[in-house]
Structure formats: structure tokens, C-alpha cells
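Structural overview
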Amino acid sequence: MTITIAAAFQATPQTALPARHVNMIAQKSIRRAESSASSLGASLQTPSETSTETMISSSSPPTHHQATQATNMPSIPSHSLSIDEMNAIFKFEKNGKTKVLNATGLYHLAVILLTMPFWLASMETLAYLTKTLTGNGGFRDAHRAKFDYSGKLWCRSYLSLTNCYPEIAGDVSRLEVESDSGACLFVANHASFLDIAVLCCVLDPVFKFIAKDSLAKFPGVGRQLVGGEHVLIDRTNKRSQLRTFKQAITYLKNGVPIMAFPEGARSPDGRLMDFKGGIFSMAVKANVPIVPLSLANTHAVMPTAGFLPVQSGEGKLRVFVHDPISVEGKSEEEISREVREALLSELPLDQHPLVVEEEEEEDVSVVV
């Protein structure tokens, strides 16, 4: 018990957790130690005394809670700000939630307004050339690679001008244009609207996002997704979901990587959420590996409360490219667990899921 509590408190200075979270960790560590003492008594039983239910549970894959606890806590610092620390110049309500715009956000807005016209003009020029000259053999844009590169170029310029260009670590060679690794399914945690721009700085080869169709209405982003023939999904329509599945598999089989967020939505607090079903089955169907990408601190730079980024990303934003995960011979549950463990291994503690009280009680009842 002493070791567990000490480890919890040692992690606190690196991640700047609030005091209430520190107390929560300490209390839960004590409860785990008590439940471990109970499980020790149960483990001393002979095999004949052990219930069948307990034996089956012990051989089952780890639960969401257990998998999270088994992950080594990384030493990546947290940079989250409270609303007061954001030093808001403008504060307003949007859909019942507080939004903040500070000096950093105003600077981002100025950069966007100055650079976006060039991005929009480049997309329209490339779309015109593709439409009018392709038939004459004068201009070809396979998989809309040139069209998509205009968006990547804008994202990289925008993040560079705003001191938000991310650090990239891990298996970086897989992200290069010259890479002969073939198609794969890239997956990342989704903690901020800034994630899309950050990923466009990282992924050099042509790839296609799986994104919700409502993004098609956003200036710039919507034109890029539609014109680049990315995979747009209407979550309320079963036919749209089936069409999305088939389109993504076609891209993968043609050697074009797919980029998806397995959580299915942005996390409201930056913490990794449960995965939606079906994402990993695309990789299984196309028989391609899955490459997890851990996005650290995008939620701190542009949190849910921020109308635009609220602080510089320099020294904070980080993308870690994990080794590919083979899908051959694995169930979707096994794949999901491997992906989750990989993502969490390179995220700061404040992006890890909070332990849920009910899950702890269920785990204890299984052991006892």
C-alpha cells in the first residue's frame, strides 16, 4: 500500500494535478490495497475451493479499468490551464458552455484571417485544374494528393507562425512520403479541435480522414474534406455508416492510409474515452496494420473552453508514432486493448481516464 500511494504522489508534481485529484488517487490506492488483501486470502484456496465464476473471470481479457491501471504512467508533464489562468479578454456562453478568447486566441485569429485566403485560393485553383485538364492528360491528381497537400501546407504554416508546431517522436520513418510501408490505419486520441491541424503536420503520405459530415460546413476544413474526397460519415444514418466502411476499405486496399479517431468524438476534458465499435474491423477486413498516434497536450493548448488556442504550444504539443500493431488472428477486443495501451503509454496523466467507482466495485466482486 505504501508503494502504491507513494507512486501516486510522485506523479503529481510532474502533471500538476489538482489537490482533489491527489486525494482521490490516495483514497483509491488504499481501497485497492484492501481489496488486494481480500484477493490474497482468496488465492490461498485450493483449486477445488475456487468458484467456477472466478476461474472464468481470471482467464477473461482485462476490463477497461484493469487495462488502464496496467499501463505504465508516463512522465509527460501536463500543461492544462484553469479558466482563470487563461486571462480571458472575451468570455461568452455557447451552447450552455463557457468559451474564452484571450490574447493568444486573438493572435491565432489574426494569423488565420491573413493566411486562409491563400489556402482557399490554392484549393480552388487545384480543383479547377483537376476538373478541366485531367481529361486532356495535362494534369493528374491521384487520390487528390496535390489538393490535400494544400491543406497540409496551410496547417504547417499556421502552426509554425503561432508557435504550435508539434514535436514528433517514435517511428517517424513511417510518416515520410518515401516510406514503402504500405497502407495502414492510423488512429489517434481525439482531445481538441487542434488535432486535425497537428496530424496534417505529421502525416506526409497521402491519407484520408474519417470525419463526421457536419465538418463539411466549416470554412476551409469543409472544402478540404469534400474536395479531397475524404470519408465523411453521418452517424445517424446506417446507410452512411455502411458506405463509409466500404469507402475506407477501398482506400486501404488501394494503398491509401486511413486516419480515424476510435473514440468517435472529441473528449470534453482531454481524457481518453471508450472506443466506438467498427473502426478496427476495417483494418481486419483490408488486412493492414494499425499505427497508433498519441497526441499529447492538444487539449491544454486548445481546450473545450477555448474559442481558439489559449496558450502557445511550444514545448507542449507532442505526437508519438507507435510501432504498427498487426491485426492478423486477433479479435477486435484484443486489437482495441493493444491500441488503448499504446496510446496511454505516451499521454500525460491528465489525459488518462479517471477511475470510476462502480468499475472498482465490480473488479473487487470478481476477485472475491
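Summarised in this report is the structure supplied together with it.

Thresholds, definitions, all that
Residues numbered from 1 in each chain as written. Predicted model: local features only at pLDDT ≥ 70, side-chain atom pairs only at ≥ 80, totals over all residues. Heavy atoms only, no water. Helix = DSSP H or I, 4+ residues; strand = E, 2+ residues; numbered from the N terminus. Buried < 20%, exposed > 50% of the residue type's maximum accessible area, 1.4 Å probe, protein only. Contact = heavy atoms within 4.5 Å. Areas by Shrake-Rupley, 256 points an atom, 1.4 Å probe, with all protein chains shown as cover. Disulfide = S-S within 2.5 Å. Salt bridge = Lys/Arg side-chain N within 4 Å of Asp/Glu carboxyl O. Phe/Tyr/Trp six-rings, centres within 6.5 Å; stacked < 30°, edge-to-face > 60°. Lys NZ or Arg CZ within 6 Å of the ring centre and 35° of its normal. Pairing = 2+ DSSP bridges. Axes fitted to C-alpha atoms, helices over the stretch in contact; angles between N-to-C directions. Polar contact = N/O pair within 3.5 Å; in protein donor to acceptor, adjacent residues only side chain to side chain. Parallel < 35°, antiparallel > 145°, perpendicular 65-115°, else oblique. Nonpolar A, V, L, I, M, F, W, Y, C, P; charged D, E, K, R; others polar.

Turning our attention to the overall build of the chain. Helix and strand content of the chain: 13 helices and 9 strands. Across the 368 residues in the chain, those meeting the buried criterion constitute 45%. Residue pairs in contact within the chain that sit at least 24 positions apart in sequence constitute 74% of those at least 6 positions apart. Of the roughly 18,800 Å² of accessible surface on the chain, 57% is carried by carbon and sulfur atoms.

Within this structure, the stated rule accounts for 0 disulfides. The closest cysteine sulfur to the non-disulfide-bonded Cys155 is located on Cys200, 4.1 Å from its own sulfur.

Below, the discussion takes up the pattern of salt bridges. Opposite charge on two side chains makes pairing possible when the charged atoms of those side chains draw close. As enumerated under the stated definition, the model contains 8 salt bridges in all. As a salt-bridge pair, Asp204 and Arg156 come within 2.7 Å of each other at their nearest N and O atoms. In this pair, Asp204 sits in the loop between helix H7 (195-202) and strand E5 (208-212) while Arg156 sits in helix H6 (residues 145-161), placing the two residues 48 residues apart along the sequence. Judged by its relative accessible area of 15%, Arg156 falls in the buried class. With a closest N to O distance of 4.0 Å, Arg271 and Asp269 form a salt bridge. The buried category is assigned to Arg271, whose relative accessible area is 11%. Taken together, the shared-partner salt bridges connect Glu167, Arg318 and Glu346 into one network.

Turning our eyes to something else, we now look at the packing of aromatic side chains. For the structure shown, the criterion picks out 6 aromatic pairs. Chaining the aromatic ring pairs together yields one cluster made of Trp119, Trp154 and Tyr158. The aromatic ring of Phe275 is capped on one face by Arg340, whose charged end is 5.3 Å from the ring centroid.

Here we take up the sheet that holds strand E9 (residues 318-321). Strand order across the open sheet formed by 7 strands is E3-E9-E8-E4-E7-E5-E6, with mixed pairing between neighbours. A single partner strand is all that each edge strand has here, and the edge strands are strand E3 (167-170) and strand E6 (231-233). Pairs of neighbouring strands in the sheet enclose a mean axial angle of 25°, with direction left out of account. Where E5 and E6 come together, 3 bridges link them in parallel fashion. By the bridge assignment, Ile210 is partnered in E6 with Val231. Packing of helix H9 (residues 238-253) onto the sheet brings it into contact with strand E4 (185-188), E5, E6 and strand E7 (258-260), and relative to E6 it is tilted by some 165°.

Mapped onto the elements of the fold, Ser294 is located in strand E8 (residues 290-296). With relative accessibility at 1%, the residue Ser294 sits in the buried group. In this view, Ser294 contacts Asn189, Arg318, Val319, Phe320, His322, Ala342, Leu343, Glu346 and Leu347; residues no more than four positions away in its chain are not counted. A distance of 2.8 Å separates the side chain of Ser294 from the side chain of His322, its partner in a polar contact.

It is the contact of H6 with H7, at a shortest axis distance of 8 Å, that shows an interaxial angle of 110°. Here H6 is positioned roughly perpendicular relative to H7, judged by the angle of their axes. Seen from H6, the contacting residues are Lys152, Cys155, Arg156 and Leu159; seen from H7, they are Ala197, Val198, Cys200 and Cys201. Among the residues making up the contact of H6 with H7, the classes are represented as 6 nonpolar, no polar and 2 charged.

Just distances and angles here, no functional claims.
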